[in-house]
Amino acid sequence: MAIQKVFDYKEVTLEYRSNGPATFTLNTDMPGGSMASRVVATLPSSGGIGANRTQTIALDGVQGTMYQVLITPGAATQFIPLAGKLMLRPIGVYLDGSLTPAEQWITQPIAPGV
Amino acid sequence: MASEKLKLYSKIELELISNGNATFTLLTDLPGAGMVQRVQTNVGPSRWTGTFVRGTWTSRLPYNTQGHLVQAILAPASNVQITLYRARIWARELPRGDWEWFQLPVIDTPVEFGPVNLPIPPTSEEWRAANLVIPPTAEEWRPVNLPIPPTNEEWRAAELPIKPTAPVPDWLSLEVDK
């Protein structure tokens, strides 16, 4: 079982201003134990640099002990991130068979009901 | 021995999301006195119409699986990820106990998701004044000297261009009639 707590990601909500499209990328370290791109989505223009937009991106099925958010504006796009909120929860038991050594869930010897 | 109560085990149930195969192993301390593997079986992926979903996996145990102590091991195959939500075992106390579920220790995964703010420095909603970098013009006048070279207040000697008279006259030869 992972020593660090593994989190389950639900969605991310971004508030921003932009005059063109941008690309949102979420990197996490699970599965595999190394940071890799898990979600790539487009952030549409907010309608001009003076207009706010709130955009929510689904992250169902994404896990990781760490996360990294990248926002890459398109060519000739100016992008002002104003706020961002990530919804997540800690996973009680997460087993990753791709790690070395592979993870296992092992209980102690238990006397049920005692 | 940790417990004098002997139990008979009948079923094992896991609630999980798995995207591949895993191996479930159950150990008990009877017969004998040490924890020994009694059951090992495959746990398949929790798939429903092509997607991996949270599901329940149940397996019957051999009729004579018994012991004071029980130990469970779940090991995913290579490149398989498992989220384990719950594990319980169907057992009864020998010789006359009733069948009931006993929860095995699985760290709880909360149902609700919680918010985490991304580290974006705040942008103020209000505008504020910022002075442009223009040097200020003074309200008062101040003297500035014109570039006229100064006239010295003192006199100084200046020699006139008079040829000096020699103290001893030179002899001149005069020409006399012969």
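This one's a predicted model, so the numbers in the text were calculated from it and none came from an experiment.

Structural notes on the interface of chain A and chain B
Right, on to step 1. Contact residues are listed per partner, giving 41 residues for chain A and 44 residues for chain B.
Right, on to step 2. The contact between chain A and chain B buries some 3600 Å² in all, and 63% of this surface belongs to carbon and sulfur atoms.
Right, on to step 3. When residues of chain A are sorted by the area they lose upon contact with chain B, Arg-89, Trp-105 and Pro-112 of chain A head the list and together hold 21% of the total.
Right, on to step 4. The tally of links between chain A and chain B comes to zero salt bridges.
Right, on to step 5. Inspection of the region where chain A meets chain B yields 17 residue pairs in polar contact (both at pLDDT 80 or more).

A word on the side chain of Asn-27 of chain A
Right, on to step 1. Tracing the chain through its elements places Asn-27 of chain A in strand β2 (residues 22-30).
Right, on to step 2. Excluding residues that lie within four positions of it along the chain, Asn-27 of chain A makes contacts with Met-35, Ala-36, Ser-37, Arg-38, Met-66, Tyr-67, Gln-68 and Leu-70 of chain A.

So, the sheet that holds strand β3 (residues 36-43) of chain B
Right, on to step 1. Spatially, β7(A)-β8(B)-β2(B)-β3(B) is the arrangement adopted by the four strands of the open sheet, whose pairing is antiparallel. Every interior strand has two partners, whereas the edge strands, β7 (105-106) of chain A together with β3 of chain B, have only one.

Some thoughts on the side chain of Thr-25 of chain A
Right, on to step 1. Examined against the element boundaries, Thr-25 of chain A turns out to sit in strand β2.
Right, on to step 2. Not counting residues within four places of it along the chain, the set of residues in contact with Thr-25 of chain A comprises Ser-37, Val-39, Val-40, Gln-68, Val-69 and Leu-70 of chain A.

Some thoughts on the sheet that holds strand β5 (residues 79-90) of chain A
Right, on to step 1. In space, the six strands of this open sheet follow the order β3(A)-β2(A)-β4(A)-β1(A)-β5(A)-β11(B), with antiparallel pairing throughout. This sheet does not close on itself; its edge strands, each paired only once, are β3 (36-43) of chain A together with β11 (114-117) of chain B. Here the strands of the sheet are splayed against their neighbours by 20° on average, with no regard to which way each runs.
Right, on to step 2. Relative to strand β4 (residues 48-73) of chain A, strand β1 (residues 7-18) of chain A runs antiparallel, the two sharing ten bridges. Its bridge partner lying in β4 of chain A, Thr-13 of chain A is registered against Thr-56 of chain A.

Things to note about the pattern of salt bridges
Residues and elements named next belong to chain B.
Right, on to step 1. By the definition in use, this model includes six salt bridges over all chains.
Right, on to step 2. In this structure, Glu-13 and Arg-86 form a salt bridge, with 3.8 Å as the shortest nitrogen-oxygen distance. You can see Glu-13 sitting in strand β1 (residues 7-18) and its partner Arg-86 sitting in strand β9 (residues 81-93), a full 73 residues away along the chain.
Right, on to step 3. You can call Arg-86 partly exposed: its relative accessible area is 29%.
Right, on to step 4. Residue Arg-86 pairs with Glu-15 through a salt bridge whose shortest N-O separation is 2.9 Å. Taken together, the residues span a long stretch of sequence, with Arg-86 in strand β9 and Glu-15 in strand β1 at a distance of 71 residues.
Right, on to step 5. Connected through salt bridges with shared partners, the residues Glu-13, Glu-15, Arg-54, Arg-86 and Arg-88 form a single ionic network.

Things to note about the packing of aromatic side chains
Right, on to step 1. As enumerated under the stated definition, the model contains five aromatic pairs over all chains in all.
Right, on to step 2. Seen in terms of ring centroids, Tyr-16 of chain A and Phe-79 of chain A are 4.7 Å apart; in terms of plane orientation they differ by 20°. Their pairing is stacked. Linking Tyr-16 of chain A in strand β1 with Phe-79 of chain A in strand β5, this pair joins segments that are 63 residues apart in sequence. Residue Tyr-16 of chain A shares its accessibility class with Phe-79 of chain A, and that shared class is buried.
Right, on to step 3. Arranged with centres 5.2 Å apart and planes meeting at 50°, the rings of Trp-90 of chain B and Trp-101 of chain B form a pair that is tilted. Separated by eleven residues along the polypeptide, Trp-90 of chain B in strand β9 and Trp-101 of chain B in strand β10 (residues 100-103) bring together distant segments of the chain.
Right, on to step 4. Members of the aromatic cluster, connected to one another through ring pairs, are Trp-90, Trp-99 and Trp-101 of chain B.
Right, on to step 5. A cation over an aromatic ring shows up here: Lys-11 of chain B above the ring of Trp-90 of chain B, its NZ or CZ 5.3 Å from the ring centre.
Right, on to step 6. Residue placement shows Arg-54 of chain B over the ring face of Tyr-85 of chain B; its charged tip is 3.6 Å from the ring centre.

Observations regarding the pairing of β4 of chain A
Right, on to step 1. Pairing of β2 of chain A with β4 of chain A involves eight bridges; the strand directions are antiparallel. From the neighbouring strand, Thr-25 of chain A faces β4 of chain A, where its bridge partner is Leu-70 of chain A.

Remarks on the confidence of the model for chain B
Right, on to step 1. Taken residue by residue, chain B gives an average pLDDT of 90. The fraction at 70 or more is 98%.
Right, on to step 2. Interface confidence for the predicted complex, given as ipTM, is 0.82, next to a pTM of 0.74.

Section: the nonpolar core
Right, on to step 1. Among the nonpolar cores identified, the biggest contains 27 residues, and Trp-105 of chain A together with Leu-14, Phe-24, Leu-74 and Ile-89 of chain B are the most heavily contacted of them.
Right, on to step 2. Put simply, the parts of the chain that give this core at least two residues each are β6 (93-96) of chain A together with β1, β2 (22-28), β3, β8 (70-76) and β9 of chain B.
Right, on to step 3. Top contributing element to this core by residue count: β9 of chain B, with five residues.
Right, on to step 4. Residues contacting Leu-14 of chain B, with those up to four places away along its chain left out, are Trp-105 of chain A together with Phe-24, Val-43, Gly-55, Thr-56, Trp-57, Leu-74, Leu-84, Arg-86 and Ala-87 of chain B.
Right, on to step 5. Counting 17 residues, the second largest nonpolar core, distinct from the first, contains Leu-14, Phe-24, Leu-43 and Leu-86 of chain A.

The rules we used
Residues numbered from 1 in each chain as written. Chains lettered and ligands numbered in written order. Predicted model: local features only at pLDDT ≥ 70, side-chain atom pairs only at ≥ 80, totals over all residues. Heavy atoms only, no water. Contact = heavy atoms within 4.5 Å. Buried area = accessible area lost by both parts, 1.4 Å probe. Salt bridge = Lys/Arg side-chain N within 4 Å of Asp/Glu carboxyl O. Polar contact = N/O pair within 3.5 Å; in protein donor to acceptor, adjacent residues only side chain to side chain. Helix = DSSP H or I, 4+ residues; strand = E, 2+ residues; numbered from the N terminus. Pairing = 2+ DSSP bridges. Axes fitted to C-alpha atoms, helices over the stretch in contact; angles between N-to-C directions. Buried < 20%, exposed > 50% of the residue type's maximum accessible area, 1.4 Å probe, protein only. Phe/Tyr/Trp six-rings, centres within 6.5 Å; stacked < 30°, edge-to-face > 60°. Lys NZ or Arg CZ within 6 Å of the ring centre and 35° of its normal. pLDDT = per-residue confidence, 0-100. Core = buried A, V, L, I, M, F, W, Y, C linked by side-chain atoms within 4.5 Å.

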